[in-house]
Each structure stands twice: as structure tokens, then as C-alpha cells.
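# Chain and residue survey
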Amino acid sequence: MARVIAISNQKGGVGKTTTAINIASCIAASERRVLLIDMDPQANAGSGLGIYQNSELKSMYHVLVDDLPLLDVVQGTELTFLDVAPSSQDLSGAEIELVSTIGRESRLKDAIEPALAEYDFIIIDTPPTLGLVTVNALTAADSVLIPLQSEYYALEGLSQLLKTTSLIKKRLNPRLEREGILLTMYDRRNNLSQQVEKEIRKHFEGEVFKQVIPRNVKLSEAPSYGKPAILYDYSSLGSVAYIRVADEILSRYPNGKDVSISRKQVMRSVRIEDEGASLDG
Ligand SMILES: Nc1ncnc2c1ncn2[C@@H]1O[C@H](COP(=O)(O)OP(=O)(O)OP(=O)(O)O)[C@@H](O)[C@H]1O
Ligand SMILES: [Mg+2]
């Protein structure tokens, strides 16, 4: 049964999508079957893995609003073990369209059910709001991973998010745990980053990932090539950091497999396309 992890923080631009793409890819490189569900109408998680919107594309909008089976919208990626359920702009309308639906908070949970046996991990990227779409993600999840930008205002939105998650735990999803807080865009030379880290670790003892994610330009470049960091530049600081975070997560859910996410392993996990067609033509 898949472990379902929602990546959430209603604050914009804190690294949710970057984290979702890279954690999903690193875990997939270790030969666990991973599904990345893009629940943000901005659809950046899909495009960051080379899946682009077009009018024919069936997306999470159709799953949530039209009851299309989740597995019908799933697409493969460059990594053999990584699939994506893409989003589309329509999803922003889902907030309103779902309001009058029965079981509106658990649409995603119901949709995910048949996929649980197909994957080892399901990672959900969420939009920068605490609206119905995010509530659906938190209701479907086993845990929430909170990326927190290492800056002064980081803590401001956090209490609101924690309030929302405990409310969802109480009312809608008693299973919901905290996977952890991940410090993102960390700058070692900056005193402020260090202060924020110290404060957060003190406040949330044992709940903060040991590894922090540095501010690293390769992480921001990679999505425009439709690639996760491990395929764009394996040895960049950002890539290495996300590999370590994936290792921290995998160490919590051992499944007998012990595959280290080495460069060789990453290359091995790239999908070999069937070249028959191009050879014929
Ligand atoms: N560690 C990092 N180093 C450098 N740039 C980063 C890093 N993490 C994210 N970025 C860049 O910062 C911007 C915001 O990141 P991202 O899209 O992952 O945040 P988000 O929380 O998903 O945003 P939104 O709330 O809009 O969904 C992007 O341009 C991304 O490429
Ligand atoms: Mg995002």
C-alpha cells in the first residue's frame, strides 16, 4: 500500500513544487513506484517533468469534478518508476464546482483508493491556498511535509497551516501525521538562515529534516528543461540535498529494498524508449 505524502504550505513560492518533483524523482530512482499528483492549477509539477498542458489532456480536474478514474489520467515520465497525474488550469474552478458536491472534502481520497496498490509512494503537490483542493489533499494523505523557506517571515503562516492540519485530523482524516518540516532556499552564509533554522529546530524538535535544501540555481533551472535535478545535474548541491531528504524518508519506511540513489542507479532508472518506430521511419 502506498504511503501518501502531501507537500503543503499556503505561503507561495516556498519550494513546494520543487520539493514534490525532486523527492518524487529521487524516491523513484531507488526503484520504488511513485505517483506524483499535481493538485495546483499552475500545473508546474507536471511541466517540471516534461508534461505540458494541452486542451486534450485529461487532468486531475476531470478526476475531481467528473469522476474520471485517477489511473486514466496518469502519464509516464523519463524515470521508469515515476508517473504523474497532471493538473490543468481548470482545477482553479474546481474549488467552486465542488462546493455543493456530497463528500466534497474526500473526492481525492476516494479517487486515490484504486491507485494505492499500484504505488509505493504517492506525492501530492498542493496550491498556495488552504482551500478545498488543499483540504482534499490533506484528507487523502497519510502525512504532510511542510517546506519552509529559511527567512524571517517563515513562521508567520505556519501556525495557520498547523491549525488547519489538526482540524482536518480531527474532523476528516484521523490518520494524518506530520512527515516533517523541510527548510528550503537555505543560505549558509546568511545569519538569518541559521537563526531561522535554530529557532525551528528548537520549536519542532525531532520534526525537522536533518538535511536542509540550499538555495541553488540548478534547482530553479531544471524545470525549464522538464527534468528533475538528479537528471539535470546529478552532482549539483540541490540534487544531492534532495537525495539525502529522500534517504531520510525511505529510512522510515524500509521495504526490504536498499537501493542507494547513486549516479549509476539514476541512469539505470531512466526509461529506455522503444526505438522501433524511429528505426522504421
Ligand atoms: N532551493 C532552491 N534554490 C533556488 N531556487 C529555488 C529553490 N527552490 C525553489 N526555487 C525556485 O523558487 C521558485 C518557487 O519555487 P516553487 O515553485 O517550488 O515554490 P512553490 O511553493 O511550489 O510555489 P507556489 O506557491 O507558487 O506553488 C521557483 O522559481 C523555483 O525554481
Ligand atoms: Mg507550486
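In short, a report on the structure. (Residues numbered from 1 in each chain as written. Chains lettered and ligands numbered in written order. Predicted model: local features only at pLDDT ≥ 70, side-chain atom pairs only at ≥ 80, totals over all residues. Heavy atoms only, no water.)

Our next topic: the packing of aromatic side chains. Tallying each qualifying case throughout the model produces two aromatic pairs. Note on Phe 121 and Tyr 253: the rings are 6.1 Å apart at their centroids and 65° apart in plane angle, and the pair reads as edge-to-face. Pair noted here: Phe 121 is in strand β5 (residues 121-125) and Tyr 253 is in the loop between α11 (237-252) and α12 (263-268), with a separation of 132 residues, a long-range link. With a centroid separation of 5.0 Å and an interplanar angle of 25°, the aromatic rings of Tyr 225 and Tyr 232 are classed as stacked. The exposed category is assigned to Tyr 225, whose relative accessible area is 53%. (Phe/Tyr/Trp six-rings, centres within 6.5 Å; stacked < 30°, edge-to-face > 60°. Helix = DSSP H or I, 4+ residues; strand = E, 2+ residues; numbered from the N terminus. Buried < 20%, exposed > 50% of the residue type's maximum accessible area, 1.4 Å probe, protein only.)

Relative orientation of the contacting elements helix α1 (residues 16-29) and α11 amounts to 65°, with a least axis distance of 9 Å. Judged by the angle between their axes, α1 and α11 are roughly perpendicular. For α1 against α11, the interelement crossing comes out right-handed. Counting all contacts with α1, which are made through Thr 18, Thr 19, Asn 22, Ile 23, Cys 26 and Ile 27, the residues of α11 involved are Tyr 242, Ile 243, Val 245, Ala 246, Ile 249 and Leu 250. When its residues are assigned to classes, the contact of α1 with α11 shows nine nonpolar, three polar and no charged. (Axes fitted to C-alpha atoms, helices over the stretch in contact; angles between N-to-C directions. Parallel < 35°, antiparallel > 145°, perpendicular 65-115°, else oblique. Left-handed = near helix turned anticlockwise from the far one by under 90°. Contact = heavy atoms within 4.5 Å. Nonpolar A, V, L, I, M, F, W, Y, C, P; charged D, E, K, R; others polar.)

Read from one edge of the open sheet, seven strands run β3-β4-β2-β5-β1-β6-β7, paired in mixed fashion. Two strands lie at the open edges of the sheet, namely β3 (75-76) and β7 (177-184), each paired on one side alone. The pairing of strand β6 (residues 143-149) with β7 spans seven bridges and is classified as parallel. Paired with Ser 143 across the bridge in β7 is Glu 177. Running over the sheet, helix α6 (residues 132-140) touches β1 (3-7), β5 and β6 and is turned about 150° from β1. The strands touched by α11 are β1, β5, β6 and β7; relative to β7, the strand with the most contacts, the crossing angle is about 165°. (Pairing = 2+ DSSP bridges.)

Core analysis: the biggest nonpolar cluster contains 49 residues, and Ile 37, Met 60, Leu 70, Leu 108, Ile 112, Ile 122 and Ile 124 have the highest contact counts within it. Grouped together as the second largest cluster of nonpolar side chains are 39 residues, Ile 23, Ile 123, Ala 241 and Tyr 242 included. (Core = buried A, V, L, I, M, F, W, Y, C linked by side-chain atoms within 4.5 Å.)

Per the stated rule, a full pass over the model turns up 13 salt bridges. One salt bridge connects Asp 120 with Arg 33, and the closest N-O pair in it is separated by 3.2 Å. Taken together, the positions of Asp 120 in the loop between α5 (107-112) and β5 and Arg 33 in the loop between α1 and β2 (34-38) put the pair 87 residues apart, joining distant regions of the chain. Among the residues examined, Arg 33 registers a relative accessible area of 34% and is labelled partly exposed. Ionic pairing is found between Glu 78 and Lys 227, a salt bridge with its closest N-O pair at 2.9 Å. Placement of the pair is Glu 78 in the loop between β3 and β4 (82-85) and Lys 227 in the loop between α9 (217-221) and α10 (229-232), with a sequence separation of 149 residues. One network of salt bridges, in which partners are shared, links Arg 3, Glu 177, Glu 179 and Arg 252. (Salt bridge = Lys/Arg side-chain N within 4 Å of Asp/Glu carboxyl O.)

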